[in-house]
Amino acid sequence: MKIKRTWIINGEKLEAEVPPMRRFLDVLREDLQLKGTKEGCGEGECGACTVIVNGETVLSCLLAAGQVPDGATVTTVEGLEKTLGGKVLQAAYIEKGAAQCGFCIPGMIVSSYALLSRNPTTDAAQIREAHAGNICRCTGYDKIVEAIQSAAEQWPVEAKG
Amino acid sequence: MTVQERGAYRVIGQGIPRLDAADKVSGKAEYADDFHVPDTWYGAVVRAPVACGKLKSLSRDPAFDWSQVAVVTPEDIPGNNIVDMMGRDMPFIAHDEIQYLGEPLALVAAPSLHVAKQAAAHFKVDVEERPALLTLQEMVAVYKEDPAKLHKLSGQTIRKGDAASALKDADIVLEREYTAGHQEQLYIEPQGMVAIPERDGTMFIHGSMQCPYYINPELCETLDIPPEKLRVKQSAVGGAFGGKEEFPTLIAGYCALLALKTKRPIKMIYDRNQDILYSTKRHPSWSHYRVGVMKDGTIRAIECDFVLDGGAYTTLSPVVMYRGILHAAMGYRCENVSIDGHVYRTNTFPNGAFRGFGAPQALWAWESLIDELAAACGMTPDAFRLKNCLHEGDVTPTGGLLRDSVGSPEVLEKTLERCQFAEKWQQCSRGKSGERLWYGIGLSFFAHGSGFTGDGEARMKSKVALDLETRADGTPIVNVRVSSTEMGQGTGTILPQVAADALGIDVTHVDYPMPDTFKVPDSGPTVASRTAMVVGSTIYSAGQKMKADLESFVSETLFDGQPTELVENQFRAEYDNRSIPFVEGAAAYLASHGPFRVYDQFKLPDYVKWDQENFVGDAYPAYAWGCNVAEVEVDTLTCEFRVTKVTAFFDIGRILNPVLAMGQVQGGLIQALGYAMMEKLAIKAGKYDADRMQTYVIPTSVDGPEMDLHFVEYPWDHCQPGAKGVGEAPMDGLAPAIANALEAASGVRLRDLPLTPERLFEELSRSQRLTA
Ligand code: FES
Ligand code: FES
């Protein structure tokens, strides 16, 4: 059985016909060829597969396609550069040296975008808390936190809640 | 020795963003699982059901539909069924003896991963099970009884002076044992590889790896193809930390054997569970010391047994053990040293490379013991270290002379001063009763040998190339051609910086294409903190050669033979002040001569001498130096503890890119924090008990302490620009610093890694410090 869904993915309207139990991660990576989103564990522990569905971060490896409602707005790492806030975040990650191997980064930066869109905070404790589900083995997190703080300072007015 | 000024360099020393940063923050970087090769089948491994035994038969379940499945067994291997690593004792596919749980018995491939996995589960395996030796603890128990009962994989000694008689003269002799457990690298990108059989008979291996030239030629023997028919190319690597040093040869071999059989591209991406169960880990270790000191704190003699749990096969264990014993008595003056290193077999997956490569295990024990020795002499840990630490002109345990670029004692002195160690040491709780929180501060100090151990660099003779080529848009570009891989640590940025500086141009004119053995010479593996020092300095001299050639071309063809220099992106004529931009001169060169390649090869300075048989001489051409201070807080109700602050200084030689170097230190210290107190693998029923990310817990963004981190720069001036490597030193010293701080807080010493509240509770109960 397949279900029909229309989703707004990174600002584009996409129609998909997928088995309802198919992992949303596979729908993104394989069916839609959005390979930016990564699989680090496949069981909800690493956060590399984080995407935003209707404003909330979700782990796409734990999500069935059928759980993503019709008409849902989805943002993946590929969509960030289409937004002002996403661009600010990318520039801050680059400047502060927040990415090393880069494998955690698609999920990490999507989490940052979700956080700052809701609350453009520069508070390190809040930032750390909001990223505790995104595991990075390379950076030790300090430069990631710095990058998010710097992006929060420049967070575009039009993107603020 | 004075610290060299950085002024001579323009691009080196700048914290420019990584060249691959834009691709990584936009999701464009292509990792092994991201490229699509049409017609690909998926591979899976049929694994042994026991940790030790004899394989009697392997058969397929006739009820399963095998029509869409390809199977490879040892009979299908065209060449030798041997993984060509040290020892040559590991088969690609087991055919007789089984030495670890999950050892491959056959390989399967199918058009979908689902079918491949199902097929792998439909084999019938008949084995005669034998008793397995599984843990370090079991191994050490047998060792103490009779080492001859163990299967020895490797051994090596270090002898200096006469430790046995010097021990007799010592005022105080301490005998201590320390252990450390497994650690999983846990790169976030799991192991992944694709093998593509090409029409001309070439096998093309593309995937996640640290060392393309390990796979080629290691696979040639198994596939029975000449080296020129094996092409290995690196994809973006999502972290490695040693875990993608030797292991990728195995998964590449599985893919290639299946690709030969099916004549199709084969892909294997491990899921996290397989990755943890069936890939290398840091070796568990047991260090046993007898050390004699005089009452004034002089170290008279050091005797040490350094024993590693090698896992099932030899692989890289001898070299890991070498680095271990070379660091097991390093850092301090002592005339009488006797170290015995051993690696024994256990029936687990072979243990292997992991950031630090034996040094973290050795230094965990040695730097803990230094605190115990200080206390035995009635000295503070800082005073004892300041009294004994090596200085320029001193000799190492193997008799190597520390000629120059010695960051000791400066890193030690600066760290102590920066964190106000002496004052804080006075405030430590030392297990005082009646307090809810205990405070402690602890210290570690260490050297980390830069580059390959022993004669490795002399034998390797790393080769590099620089290519002046034309970009798609018609402009000239200098491509760095090395087999050193970018795995997050910054190779792909620092090497272009070095090349740009040597040439006198901006880094925008230099690029680092992913290594491909059809295009790059063998610069050696990307390991041992050697890339910045060894490959970097060779790139620097290649850059100088290319610069000289371009200068003489421009001089002759454009500047009427005037002396010409390439500086700051301009070719400048000496007499009439004419100048043209680099791109113009380079384009003119390309138009008249075509692409231009410069080769170079690393050469150790003549004074570096090493006797590999006796382990005497300069074990490393230079050392990085580090000092770590940890401050801890212990909750006396729960025995939980946390590190509140880490202060550290490192001497990594010339800093090529301060942002990337600091990233290595920060990330390395957090990985070391995990090693010290979070990451735990036990073996239950022959199997790692923490075989998922849910159970193998590593530091998250909320687990790190406040960090106050600094560099001092003692460049290794025998090779410009004089980097000494930063990858591994941050992994070396945090565990003992934390254990030392815990003792200062609680009054009890933990001698087994990881340090856990349970162990602290046990020790406190034993010492009757828990009165509540
Ligand atoms: S892949 Fe989804 S949380 Fe790890
Ligand atoms: S940058 Fe490598 S895992 Fe985060």
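Since the model is a prediction, treat every value here as computed from it, not as a measurement.

Moving on, we get to the overall build of chain A. Along its length, chain A carries five helices and five strands. Counted from the first residue to the last, chain A has its helices and strands arranged as β-β-α-β-β-β-α-α-α-α. For chain A, whose C-alpha radius of gyration is 15 Å, the value lies close to the compact-globule estimate of 15 Å for 161 residues. Along the first, second and third principal axes, the C-alpha set of chain A runs to 45 × 35 × 20 Å. Counting over 161 residues, chain A shows a buried share of 56%. Residue pairs in contact within chain A that sit at least 24 positions apart in sequence constitute 63% of those at least 6 positions apart.

Turning our eyes to something else, we now look at the pairing of strand β2 (residues 53-60) of chain B. Residue and element names in this part refer to chain B. Here two bridges tie β2 to strand β4 (residues 97-98), and the two strands are oriented antiparallel to one another. Among the inter-strand pairings, Lys54 is bridged to a residue of β4, identified as Glu97. Judged from the seven bridges that link them, β2 and strand β6 (residues 123-129) form a sheet pairing that is antiparallel. From the neighbouring strand, Leu55 faces β6, where its bridge partner is Val127.

Taken together, the contacts link 40 residues of chain B with 38 residues of chain A. Examining the composition of the side of chain B that touches chain A, we find that seven residues originate from one element, helix α17 (residues 658-677) of chain B, more than from any other. Within the side of chain B that touches chain A, the residues separate by chemical class into 20 nonpolar, 13 polar and seven charged.

Residues and elements named next belong to chain A. Taking 1.5 Å per residue, 14 residues should reach 20 Å; helix α3 (residues 105-118) reaches 20 Å between its end C-alpha atoms and fits that length. The element α3 is largely enclosed, with a buried count of 11 among its 14 residues. The set of residues buried in α3 consists of Ile105, Pro106, Gly107, Met108, Ile109, Val110, Ser111, Ser112, Tyr113, Leu115 and Leu116.

Attention shifts here to the domain arrangement of chain A. Residues and elements named next belong to chain A. Split by domain assignment, chain A resolves into domain 1 (3-79) and domain 2 (80-159). The distance between the C-alpha centroids of domain 1 and domain 2 comes to 20 Å. Opposite the 18 residues of domain 1 that make contact, domain 2 presents 13 residues. The element best represented in the side of domain 1 that touches domain 2 is strand β3 (residues 50-53), accounting for three residues. Considering only residue class, the side of domain 1 that touches domain 2 consists of six nonpolar, 11 polar and one charged.

Moving on to the domain arrangement of chain B. Residues and elements named next belong to chain B. Per the domain assignment, the segments of chain B are domain 1 (21-29 + 462-601), domain 2 (41-131 + 186-277) and domain 3 (285-454 + 611-766). Computed from C-alpha atoms alone, the centre-to-centre distance between domain 1 and domain 2 is 38 Å. Looking at the side of domain 1 that touches domain 2, its residues break down into seven nonpolar, five polar and three charged.

Attention shifts here to the packing of helix α8 (residues 317-327) of chain B against helix α9 (residues 359-376) of chain B. All names here are of chain B. The N-to-C vectors of α8 and α9 enclose an angle of 30°; their axes lie 7 Å apart at closest approach. The angle between the axes of α8 and α9 places the two elements in the roughly parallel class. Regarding α8 and α9, the two cross each other, and that crossing is right-handed. Every residue of α9 that contacts α8 at Arg323, Gly324 and His327 is listed here: Ala359, Gln361, Ala362 and Leu363. Across the contact of α8 with α9, the residue classes break down as three nonpolar, three polar and one charged.

Residue and element names in this part refer to chain B. Overall, mixed pairing links the four strands, which are arranged β19-β18-β17-β23 in an open sheet. Strands with a single pairing partner mark the edges of an open sheet, and in this sheet they are β19 (510-511) and β23 (596-601). Summarising the sheet, strand β17 (residues 463-470) and strand β18 (residues 476-481) pair through six bridges and their orientation is antiparallel. Within β18, the residue paired with Glu469 across the bridge is Ile477.

With that out of the way, let us pick up the sheet that holds strand β3 (residues 70-72) of chain B. All names here are of chain B. Reading across from one edge, β3-β5-β1-β12-β9-β10-β11 is the order of the seven strands in this open sheet, with mixed pairing throughout. The sheet terminates laterally at β3 and β11 (230-234), the two strands that pair on one side only. Pairwise comparison of adjacent strand axes, ignoring direction, gives a mean angle of 25° for this sheet. Where β3 lies against strand β5 (residues 104-110), three bridges are found, and the strand directions are antiparallel. Each bridged residue has a counterpart across the sheet, and for Val71 the counterpart in β5 is Val108. Across the sheet, helix α6 (residues 247-262) is in contact with β1 (41-47), β3, β5, β9 (192-197), β10 (203-207) and β12 (266-269); its angle to β9 comes to roughly 30°.

Restricting attention to buried positions, one finds in helix α1 (residues 24-31) of chain A the residues A:Phe24, A:Leu25, A:Val27, A:Leu28 and A:Arg29. Immediately downstream of α1(A), the backbone of A:Gln33 shows phi near 55°, a positive value.

The subject of this paragraph is the nonpolar core. Ranked by size, the top nonpolar core spans 301 residues in total, and within it B:Val108, B:Ala195, B:Cys255, B:Ala256, B:Ala499, B:Ile738 and B:Leu742 carry the most contacts. Not counting residues within four places of it along the chain, the set of residues in contact with B:Val108 comprises B:Ala44, B:Val46, B:Val69, B:Ala70, B:Val71, B:Ala116, B:Ala119 and B:Ala120.

Residue and element names in this part refer to chain B. That bond from Gln720 to Pro721 is cis: its omega, 0°, falls within 30 degrees of zero. Among the structural elements, Pro721 can be located in the loop between β30 (706-712) and α18 (729-732). Between Leu753 and the following residue, Pro754, the backbone shows a cis peptide bond with an omega angle of -5°. Along the chain, Pro754 falls in the loop between α19 (734-746) and α20 (757-766). Notably, Ala528 is not glycine yet its phi reads approximately 60°, a positive angle. Checked against the element boundaries, Ala528 lands in the loop between β19 and α15 (531-558). Here Asn577, not a glycine, exhibits a phi torsion of approximately 60°, which is positive.

Attention now goes to the environment of B:Tyr178. All names here are of chain B. By secondary structure assignment, the location of Tyr178 is in strand β8 (residues 172-180). Through-space distance from the C-alpha of Tyr178 to that of Leu753 is 8.2 Å; in sequence the pair is 575 residues apart. Residue contacts for Tyr178: discarding those within four places in its chain leaves Ser287, Trp364, Ala365, Ser368 and Arg751.

Bringing the packing of helix α5 (residues 212-223) of chain B against α6(B) into the picture now. All names here are of chain B. Running from amino to carboxyl end, α5 crosses α6 at an angle of 40°, the nearest separation of the two axes being 10 Å. Judged by the inter-axis angle, α5 sits oblique to α6. Of the two elements, α5 crosses α6, and the hand of that crossing is right-handed. Residues Tyr214, Ile215, Glu218, Leu219, Thr222 and Leu223 of α5 lie in contact with α6, whose contacting residues are Pro248, Thr249, Ala252, Gly253, Ala256 and Leu260. Partitioned by chemical class, the residues of the contact of α5 with α6 number eight nonpolar, three polar and one charged.

How each quantity is defined
Residues numbered from 1 in each chain as written. Chains lettered and ligands numbered in written order. Predicted model: local features only at pLDDT ≥ 70, side-chain atom pairs only at ≥ 80, totals over all residues. Helix = DSSP H or I, 4+ residues; strand = E, 2+ residues; numbered from the N terminus. Rg over C-alpha atoms; globule rule 2.2 N^0.38 Å. Buried ≥ 20, exposed ≤ 12 C-beta atoms within 10 Å, placed from the backbone. Contact = placed C-beta atoms within 7 Å. Pairing = 2+ DSSP bridges. Nonpolar A, V, L, I, M, F, W, Y, C, P; charged D, E, K, R; others polar. Expected span 1.5 Å × (residues − 1). Domains from an automatic or database assignment. Axes fitted to C-alpha atoms, helices over the stretch in contact; angles between N-to-C directions. Parallel < 35°, antiparallel > 145°, perpendicular 65-115°, else oblique. Left-handed = near helix turned anticlockwise from the far one by under 90°. Core = buried A, V, L, I, M, F, W, Y, C linked by C-beta atoms within 7 Å.

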